[in-house]
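Now for the letters of each chain:
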Amino acid sequence: MLSDSERDRAAELLRTAELDARAIPPLRESFPGIDVVDAYEIQLRGIRRRLANGATVYGHKVGLSSKAMQEMMGVDEPDYGHLLHDMVLSEETPVDTSRYLLPRVEVEVGFLLGADLPGEGCTVEDVLRATEAVVPSIELIDSRIADWRIGLADTIADNASSAGVVLGRERRKPDELDLTTIDAVLWKNGEQVATGRSDAVLGNPAIAVAWLAQKVASFGVRLEAGHVVLPGSCTRAYDVVAGDTVTADFTGLGSVSLRFV
């Protein structure tokens, strides 16, 4: 367990690394004894500083939502991070890769909430009732930890490696689709590089959203109307560099693209 001053210091190191696009060593090396509780507190301290400086909450994301990723990290539940308005990307505006360290993209079925979700006891049915629309999305992830040498505490403290999000134009009501059978294809520079399906996310991405609502409630956070929730990737993450164009196609849900310069 870390002291308050150590948590503050870790949050400051991560924010400076993000602003300067200069990686830092894993927190587990710099702060021996760091645990998951420390990591979430570090994340929240970083987010509170950004909110105090004018940022606003756009939504939240779930990480480690596939069994393979959980086994790799040695955990039995996902983690989460915040999405802020200054992280929102546009299909029309190329992404400047110089702002990032080692950016990667993930393909996700996003949830746009039309009503607040309950916290403790939130169910899949609650999620479906509160969801205004599901949307095609790409999450841009990046690690402020050098060379992606992350452990669980590293990625949680680093806002679950969040860096950006872009939503496609399509909007579908959740009862218009089978949320467990949405096929996703990721194209990179015109070549198909990955396929996946929405049930890779805990069997149903709505389960991940319900888990998130319960998890953040324990930290005094709520998932509110207007928030976007990214439940986790249908495929593994793929590296991107300047010159790349990526497109994610979803059956029955349209597509979304990003171009990098």
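Structure shown above.
Residues numbered from 1 in each chain as written. Predicted model: local features only at pLDDT ≥ 70, side-chain atom pairs only at ≥ 80, totals over all residues. Heavy atoms only, no water.

### As for the overall build of the protein
Then step 1. Regarding its fold elements, the protein presents seven helices and eleven strands.
Then step 2. Its C-alpha atoms give the protein principal-axis dimensions of roughly 50 × 45 × 35 Å.
Then step 3. Out of the 261 residues belonging to the protein, those deemed buried represent 54%.
Then step 4. If you take every contact in the protein between residues at least 6 apart in sequence, the share linking residues at least 24 apart comes to 75%.
Then step 5. Put simply, the protein has 26 plus and 41 minus side-chain charges, and the middle of one group is 3 Å from the middle of the other. (Helix = DSSP H or I, 4+ residues; strand = E, 2+ residues; numbered from the N terminus. Buried < 20%, exposed > 50% of the residue type's maximum accessible area, 1.4 Å probe, protein only. Contact = heavy atoms within 4.5 Å. Lys, Arg positive; Asp, Glu negative; His and termini not counted. Charge placed at Lys NZ, Arg CZ, Asp CG, Glu CD.)

### What about the pattern of salt bridges?
Then step 1. Across all of its chains, the model carries 18 salt bridges by this definition.
Then step 2. Among the ionic pairs, Asp-38 bridges to Arg-7, the shortest N-O distance being 2.8 Å. On the criterion of sequence distance, the pair formed by Asp-38 in helix 3 (residues 36-52) and Arg-7 in helix 1 (residues 4-20) is long-range, its members being 31 residues apart. Grouping residues by exposure puts Asp-38 and Arg-7 together as buried.
Then step 3. Arg-50 serves as the salt-bridge partner of Asp-86, at 3.1 Å between the closest nitrogen and oxygen. Taken together, the positions of Asp-86 in the loop between strand 2 (79-84) and strand 3 (104-113) and Arg-50 in helix 3 put the pair 36 residues apart, joining distant regions of the chain.
Then step 4. Taking the relative accessible area as the measure of exposure, Asp-86 reaches 41% and is therefore partly exposed.
Then step 5. Through salt bridges with shared partners, one network takes in Arg-15, Glu-18, Arg-50 and Asp-86. (Salt bridge = Lys/Arg side-chain N within 4 Å of Asp/Glu carboxyl O.)

### So, the pairing of strand 4 (residues 131-141)
Then step 1. Most of strand 4 sits out of view: ten of its eleven residues are buried.
Then step 2. Pairing between strand 3 and strand 4: ten bridges, direction antiparallel. The partner of Val-105 across the bridge, within strand 4, is Leu-140. (Pairing = 2+ DSSP bridges.)

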